[in-house]
Amino acid sequence: MTRPSGTTPADPTAEEVAGHLASVVGRLLRRLRSSSSESLLTPTQRSVLARLEDGGPATTADLARAEFVRPQSMRLTLGALEEQGLVERAPDPADGRKSVMSITDPGRTTLARVRAAKRDWLAEVIAAELDGAQRRTVAEAADLIERLVGP
């Protein structure tokens, strides 16, 4: 990759940083997913539970749009979660012909366990691999990444 004039090897281009960051974040996400595999939830199921916990009850169509999947696929995901007692169905108060899905208390407990497993794995790796100064650097980088992705 060609560097713009005025930059040095110590000054990576935005494209270089973006490529490296995307690669590293992708690997981190895969490792985080595998750290909580004992929950027997698929990534989509975990995402739907989190969406219902954070955003409240939603229709199948709303969840499908939010997750970028077809409504038929979302129905299968919700059916599996409903079978496990992690979500429940109720009539839509705005339109009785529709139903809305909500996370149940067991769903919240399962989601909390999945999140704790991810956090615990990451905390263990950070403690084992990084010294105090490196942990501060990672904390500062996390703040910068948060600024990039917004609230």
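Residues numbered from 1 in each chain as written. Predicted model: local features only at pLDDT ≥ 70, side-chain atom pairs only at ≥ 80, totals over all residues. Heavy atoms only, no water.

**Notes on the overall build of the chain**
Part 1 of the reasoning: Looking only at helices and strands, the chain has 6 helices and 2 strands in total.
Part 2 of the reasoning: Listing each helix as α and each strand as β along the chain from the N terminus yields α-α-α-α-β-β-α-α.
Part 3 of the reasoning: With the C-alpha coordinates aligned to their principal axes, the bounding extent of the chain is approximately 65 × 35 × 20 Å.
Part 4 of the reasoning: Across the chain, the fraction of contacts at a sequence separation of at least 24, relative to all contacts at a separation of at least 6, is 46%. (Helix = DSSP H or I, 4+ residues; strand = E, 2+ residues; numbered from the N terminus. Contact = heavy atoms within 4.5 Å.)

**A look at the pattern of salt bridges**
Part 1 of the reasoning: Evaluation of the coordinates by the stated rule reveals 6 salt bridges.
Part 2 of the reasoning: The salt bridge involving R51 is made with E67; its shortest N-O contact spans 2.7 Å. Here the residue R51 occupies a position in helix α2 (residues 43–55), and E67 occupies one in helix α3 (residues 60–67), the gap between them amounting to 16 residues.
Part 3 of the reasoning: Between D62 and R65 there is a salt bridge; the shortest N-O distance is 2.5 Å. Of this pair, D62 and R65 both sit in helix α3, 3 residues apart, roughly one helical turn. (Salt bridge = Lys/Arg side-chain N within 4 Å of Asp/Glu carboxyl O.)

**Digging into the environment of I145**
Part 1 of the reasoning: Counting through the fold element by element, I145 comes out in helix α6 (residues 132–149).
Part 2 of the reasoning: Here I145 falls in the partly exposed class, since its relative accessible area comes to 32%.
Part 3 of the reasoning: Here the alpha-carbon distance between I145 and L21, two residues 124 residues apart in the chain, equals 9.5 Å. (Buried < 20%, exposed > 50% of the residue type's maximum accessible area, 1.4 Å probe, protein only.)

**A word on the confidence of the model for the chain**
Part 1 of the reasoning: Taken residue by residue, the chain gives an average pLDDT of 90. The fraction at 70 or more is 92%.
Part 2 of the reasoning: When pLDDT is averaged over each helix and strand of the chain, the minimum, 91, is found for helix α1 (residues 14–35) and the maximum, 97, for helix α4 (residues 71–83). (pLDDT = per-residue confidence, 0-100.)

**Section: α3**
Part 1 of the reasoning: Three or more residues of α3 are buried, namely T60, L63, A64 and E67. All buried residues of α3 project into a common sector of 100 degrees when viewed along the axis, lining one side.
Part 2 of the reasoning: In this structure, the buried side of α3 is in contact with α2 and α4.
Part 3 of the reasoning: Two residues or fewer after α3 comes F68, characterised by a positive phi angle close to 60 degrees. (Arc of directions from axis to C-beta.)

**Observations concerning unusual backbone geometry**
Part 1 of the reasoning: The phi dihedral of F68 is positive, around 60 degrees, even though this residue is not glycine.
Part 2 of the reasoning: The topology assignment puts F68 in the loop between α3 and α4.

**Considering the nonpolar core**
Part 1 of the reasoning: With 17 residues, the main nonpolar core has V48, L49, L52, L63 and L81 as its most contacted residues.
Part 2 of the reasoning: For this core, the secondary-structure elements that each account for two or more residues are α2, α3, α4, β2 (99–103) and α5 (105–129).
Part 3 of the reasoning: Ranked by residues supplied to this core, first place goes to α2 with 4 residues.
Part 4 of the reasoning: The contact partners of L52, leaving out residues within four places of it in the chain, are P57, A58, L63, V87, M101, S102 and I103. (Core = buried A, V, L, I, M, F, W, Y, C linked by side-chain atoms within 4.5 Å.)

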